[in-house]
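Okay, here's what each chain looks like letter by letter:
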Amino acid sequence: MRNVAFLIVGTFFGIVLYKSEAASWFRIYEMFQFDAFHMYGIIGSAVGLGVLFVQWVKRSKAKSFQGNEIVIADKKRNFVANAVGGVLFGLGWALAGACPGPMYTLVGAGFVPILIVLFGALLGTFTYGLLKSKLPH
């Protein structure tokens with residue numbers, strides 16, 4: 001039953017991404033050209049809602065569905081690793097025209113060539129897993 005709930009939420013998220021044009025290559029290109037506010041509005045509202053939700057969880061001592069208190073651990077700040085990772089992610093996003101969420105949405109919408117991009121993303125993730133112990137963290 002739990003997997004069905006994840007499937008329903010994921011399907012809803014995919015529909016929202018597709019209908020809001022967040023999975024549109026044109027909108028992503030437009031964003032990197034600084035031609036329109038559309039994608040910045042979507043990303044900004046997602047970041048804003050994320051900040052509000054995390055603060056609510058931390059301050060209200062929210063509990064999970066199993067009744068356990070949700071604890072969000074502090075992360076170490078590592079500017080170099082975050083900057084390098086962010087640049088690589090951004091370059092991949094700009095070259096492919098899709099970040100991970102919209103990739104799956106585009107596959108679901110029937111854009112078969114995005115499977116090449118999805119394969120590259122999975123290959124990059126696998127490579128990171130192999131090199132993780134040798135990278136600065």
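Treat the numbers as computed from the prediction; the structure is a model and nothing was measured.

Parameters at a glance
- Numbers given for residues are sequential positions, taken from 1 along each chain in its written order.
- Two thresholds apply to this predicted model, a pLDDT of at least 70 for residue-level local features and 80 or more for giving and counting side-chain atom pairs, whereas whole-chain, interface and lining totals are computed over all residues.
- Hydrogens are left out, water is left out, and the side-chain values use all remaining heavy atoms of the structure.
- What counts as a helix is a DSSP run of H or I of at least four residues, what counts as a strand is a run of E of at least two, and both are numbered from the N terminus.
- Here, expected helix span is obtained from the residue count minus one, scaled by 1.5 Å.
- Structural elements are reduced to axes, namely lines fitted to C-alpha atoms, with helices fitted over the stretch in contact, and the angle between N-to-C directions of any two is expressed from 0 to 180 degrees.
- Each helix crossing is assigned a hand: it is left-handed if the near helix lies turned anticlockwise from the far helix by less than a right angle, otherwise right-handed if that turn is clockwise.
- The contact rule is simple, with two residues in contact once any of their heavy atoms fall within 4.5 Å.
- Throughout this entry, Asp, Glu, Lys and Arg are counted as charged residues, while Ala, Val, Leu, Ile, Met, Phe, Trp, Tyr, Cys and Pro are counted as nonpolar. The remaining residues, Gly among them, count as polar.
- In plain words, nonpolar cores are sets of buried Ala, Val, Leu, Ile, Met, Phe, Trp, Tyr and Cys residues tied together by side-chain atoms within 4.5 Å.
- Each residue's exposure class comes from its accessible area (1.4 Å probe, protein chains only) as a fraction of the maximum for that residue type: buried when under 20%, exposed when over 50%, partly exposed otherwise.
- Each angle is binned into one of four classes, with values under 35 degrees roughly parallel, values over 145 roughly antiparallel, values of 65 to 115 roughly perpendicular, and all other values oblique.
- Whether two aromatic rings pair depends on their centres lying within 6.5 Å, for rings of Phe, Tyr and Trp, where Trp uses its six-membered ring; planes under 30 degrees apart make the pair stacked, over 60 edge-to-face, and the rest tilted.

Undergrad: Explain helix 1 (residues 2-19) here, please?
TA: For an α-helix the count is 3.6 residues per turn, leaving residues at separations of three or four pointing the same way. Here helix 1 spans 26 Å end to end across 18 residues, near enough to the 26 Å set by a 1.5 Å rise per residue. Among the residues trailing helix 1, Glu-21 stands out with phi positive, at a value near 65°.

Undergrad: For this particular structure, what's the right way to read the packing of helix 5 (residues 100-108) against helix 6 (residues 114-131)?
TA: For any two helices packed against each other, the geometry comes down to the angle between their axes and how far apart the axes lie. Look at helix 5 against helix 6: their axes get within 9 Å of each other, and the N-to-C directions meet at 145°. The two elements helix 5 and helix 6 cross, and the hand of that crossing is left-handed. Facing Met-103, Tyr-104, Leu-106 and Val-107 of helix 5, the residues of helix 6 in contact are Ile-114, Leu-115, Val-117, Leu-118, Ala-121 and Leu-122. The residue makeup of the contact of helix 5 with helix 6, split by class, is ten nonpolar, no polar and no charged.

Undergrad: Just checking my understanding: could you explain the nonpolar core for this structure?
TA: Most often, soluble globular proteins keep nonpolar side chains buried together rather than apart. Judged by nonpolar contacts, Leu-17, Ala-22, Ile-28, Met-31, Met-39, Trp-93 and Cys-99 together constitute the single largest core of seven residues. Not counting residues up to four positions away in its chain, the partners in contact with Met-31 are Met-39, Tyr-40, Ile-43 and Trp-93.

Undergrad: Quick question: what am I supposed to make of the packing of helix 1 against helix 5 here?
TA: Where helix 1 contacts helix 5, the two axes come as close as 9 Å, and the packing angle between them is 90°. The angle between helix 1 and helix 5 places the two elements in the roughly perpendicular class. Contact with helix 1, carried on its side by Gly-14, Leu-17 and Tyr-18, involves Gly-101, Pro-102 and Thr-105 of helix 5 and no other residues of that element. For the contact of helix 1 with helix 5, the class distribution of residues is three nonpolar, three polar and no charged.

Undergrad: Help me understand the environment of Phe-37, please; the structure alone is not making it clear to me.
TA: Along the polypeptide, Phe-37 turns up in the loop between helix 2 (25-32) and helix 3 (38-60). Since its relative accessible area comes to 64%, Phe-37 is described here as exposed. For the pair Phe-37 and Arg-27, spaced ten residues apart in the sequence, the C-alpha separation amounts to 9.6 Å.

Undergrad: Please explain the side chain of Thr-105 as it appears in this structure.
TA: Relative to the helices and strands, Thr-105 is located in helix 5. Ignoring any residue separated from it by four or fewer positions in sequence, one finds Thr-105 in contact with Gly-14, Leu-17, Tyr-18 and Ala-23.

Undergrad: How should I be thinking about the packing of aromatic side chains in this particular structure?
TA: Within a pair of aromatic rings, the relevant descriptors are the distance that separates the centres and the angle that separates the planes. Within the structure shown, the criterion is met by two aromatic pairs. Relative to Tyr-40, the ring of Phe-34 lies with its centre 6.2 Å away and its plane at 5°, an arrangement referred to as stacked. Residue Phe-34 is classed as exposed on the basis of its relative accessible area of 67%. With a centroid separation of 5.7 Å and an interplanar angle of 35°, the aromatic rings of Phe-53 and Trp-56 are classed as tilted.

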